[in-house]
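# Breakdown of the fold
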Amino acid sequence: MVNRRTFLRRSGALGATALATFSPRGLTRALEAAAGVVDRSPEELASDEFYWREIQAAFTLDRTLVNLNNGGVCPSPRVVHDAYKRYLDISNQSPVYHMWQILEPNIETARRRLAAHFGCDPEEMAITRNASEALQTAQLGLDLKPGDEVLTTNQDYGRMLDTWEQRVRRDGITLTKISFPVPPPSLADLAQRFEQAITPRTRVIHFCHITNLTGQIFPVRDICRMARGRGIATIVDGAHAFAHFPFKVSELECDYYGTSLHKWLLAPIGTGFLYVRREKIAGLWPLTPASESKKNDIRKFEEIGTHPAANHNAIAEALTFHEGIGVERKVARLRYLKNRWADRLRALPNIRIFTSSDPAQSGGLACVGIDGTDAAKLTAHLWATRRIIVTPIKHPEYEGIRVTPNVYTTLAEIDDFADAMEAVAARGLPPTA
Ligand SMILES: Cc1ncc(COP(=O)(O)O)c(C=O)c1O
């Protein structure tokens, strides 16, 4: 009889050897059957603490802290971290041989498997060190002339906006940032805002698949189709989307997509990918120059000089762990955790939740504010009194704290957070906060 603990152990232990004989889909089905969860819907399983207890135990966490800032960067499960350390040890035996000749060529396995998850050809998938590197490759690699316009939002990620601002100063392009309410009235409203802001000079639309500030999911396909019809390129910032909720690139229809893998995939810190639509590869300059012979090769975006092979090779182990849960189950659990605190707090008159409860518009990441309460002080209070980690969001149009649980978060941790927020909503912050 195979119990769930055995399932999890195996989902780590099977790893590379099993994959030599099973396809990822076949392996996933085998693991699901072993775990006895194959007949249960993701929503049903989302509240099965027996199942999630096993996932929680797969991490080596510091449980004296309640980490509700998984939007920043995430811990890897033990099996992934072990693989990462193992590859580092192997590399160090004789890096010119063990790292360059033994480990480095296996980046192709990570590429193939990531591409299968994303739904693209492996020849459209470059492995990067993070979402910033992936997105900046697209942002800085496009030929743009003075006066060309880039359209984005004023809730896009700061570093990505800084990157465009640098092109404004250096290349004389124009940057237009649209505003949108949180939550917006509808997904169609978001698409319309972009459409209405387009001018004859618009060359690029850059936006988040899901924002880091409030967790708003965008209608990516509608925006990309509309842009393509007008000859406008689309760059999608998927830093928080990949391995958070299910989708394939065929449902997005974007030209360029960048993500981090050290967030929701739980891969080692320093991993990400860049997708470039095949016909766009030749025309995009890499961030670090590559030889002309690589013009049409997606690997030209990986010419970064000497770097550890451990990070990108351990992506394979992170994918195996991810497949062991399944992305539908993962997002169902994340929404269950979010709804557990959000539904409780929503009932209070002075609480503002800036994230839609519509599953088409949000996953596990949400932003909440208490009227008249400074978000930085609230963050400091949660840390000082209960060792709860959240992050303050101070946008010119709203203010709150961002709350991001993960698959390892317990119900007790969520309830601890909700208790603390209820107390502040009722009595305010203590004068010392
Ligand atoms: C929306 C968004 N884009 C890009 C990034 C950059 O990710 P990284 O720091 O992994 O490069 C982040 C990081 O939090 C983000 O939230």
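The structure under discussion appears in the preceding block.
This report concerns the structure included in the present document.

We now examine the nonpolar core. With 55 residues, the main nonpolar core has Leu114, Phe118, Ile205, Tyr257 and Leu265 as its most contacted residues. With residues near it in sequence (within four places) discarded, Phe118 still touches Met125, Phe242, Phe247, Lys248, Val249, Tyr257, Phe273 and Tyr275. Membership of the second largest hydrophobic core comes to 26 residues, among which are Val66, Leu337, Leu345 and Leu378.

Turning to its location among the elements, Glu123 is positioned in the loop between helix 8 (107-118) and strand 2 (125-128). Under the relative-accessibility criterion, Glu123 is labelled partly exposed at 31%. Placed 176 residues apart in sequence, Glu123 and Arg299 show a C-alpha to C-alpha distance of 8.2 Å. Excluding residues that lie within four positions of it along the chain, Glu123 makes contacts with Arg278, Ile281, Asp297, Ile298 and Arg299. Side-chain polar atoms of Glu123 contact the side chain of Arg299, separated by 2.9 Å.

Another point: the site of the ligand. Taken together, 14 residues lie around the ligand, and Ser132, Asp237, Ser260, His262 and Lys263 are the ones closest in. Bound to the protein, the ligand loses 90% of the 390 Å² it would expose on its own. Breaking the shell around the ligand down by element, the ones donating at least two residues are helix 9 (131-141) and helix 10 (158-171). Each residue belonging to the shell around the ligand can be placed in one class, and the counts come to five nonpolar, six polar and three charged.

Most of strand 13 (residues 398-403) sits out of view: five of its six residues are buried. The pairing of strand 12 (residues 391-395) with strand 13 spans five bridges and is antiparallel. Of the residues in strand 13, the one forming a bridge with Thr391 is Arg402. Taking the residues between adjacent antiparallel strands as the criterion, strand 12 and strand 13 are bridged by two residues.

Turning our attention to the sheet that holds strand 9 (residues 351-353). Read from one edge of the open sheet, four strands run 9-10-13-12, paired in antiparallel fashion. Looking at the sheet topology across the chains shown, the edges are occupied by strand 9 and strand 12. In this sheet, adjacent strand axes meet at a mean angle of 35° when their direction is disregarded. Most of the contacts of helix 15 (residues 327-346) go to strand 9, to which it runs at about 140°, and overall it touches strand 9, strand 10 (366-370) and strand 13.

On to the packing of helix 9 against helix 10, then. At a minimum axis distance of 10 Å, the contact between helix 9 and helix 10 shows a crossing angle of 25°. Taken as axis vectors, helix 9 and helix 10 run roughly parallel relative to one another. Note that helix 9 runs across helix 10; the crossing there is right-handed. Residue-level contacts link Ser132, Leu135, Gln136, Gln139 and Leu140 of helix 9 to Arg159, Met160, Thr163, Trp164 and Arg167 of helix 10. Considering only residue class, the contact of helix 9 with helix 10 consists of four nonpolar, four polar and two charged.

Read across the sheet, seven strands follow the order 2-8-7-6-5-3-4 without closing on themselves; strand pairing throughout is mixed. Strands with a single pairing partner mark the edges of an open sheet, and in this sheet they are strand 2 and strand 4 (174-178). Neighbour-to-neighbour, the strand axes of this sheet turn through a mean angle of 20°, independent of strand direction. Pairing geometry for strand 5 (residues 202-208) and strand 6 (residues 233-237), over five bridges, is parallel. Pairing of Cys208 across the sheet is with Asp237, part of strand 6. Its contacts with the sheet place helix 10 against strand 3 (149-153), strand 4, strand 5 and strand 6, and it is angled at close to 145° to strand 4. Packed onto the sheet, helix 12 (residues 220-229) meets strand 5 and strand 6 and runs at close to 175° relative to strand 5.

The rules behind each value
- Residues numbered from 1 in each chain as written.
- Predicted model: local features only at pLDDT ≥ 70, side-chain atom pairs only at ≥ 80, totals over all residues.
- Heavy atoms only, no water.
- Core = buried A, V, L, I, M, F, W, Y, C linked by side-chain atoms within 4.5 Å.
- Buried < 20%, exposed > 50% of the residue type's maximum accessible area, 1.4 Å probe, protein only.
- Contact = heavy atoms within 4.5 Å.
- Helix = DSSP H or I, 4+ residues; strand = E, 2+ residues; numbered from the N terminus.
- Polar contact = N/O pair within 3.5 Å; in protein donor to acceptor, adjacent residues only side chain to side chain.
- Near = heavy atom within 4 Å.
- Areas by Shrake-Rupley, 256 points an atom, 1.4 Å probe, with all protein chains shown as cover.
- Nonpolar A, V, L, I, M, F, W, Y, C, P; charged D, E, K, R; others polar.
- Pairing = 2+ DSSP bridges.
- Axes fitted to C-alpha atoms, helices over the stretch in contact; angles between N-to-C directions.
- Parallel < 35°, antiparallel > 145°, perpendicular 65-115°, else oblique.
- Left-handed = near helix turned anticlockwise from the far one by under 90°.

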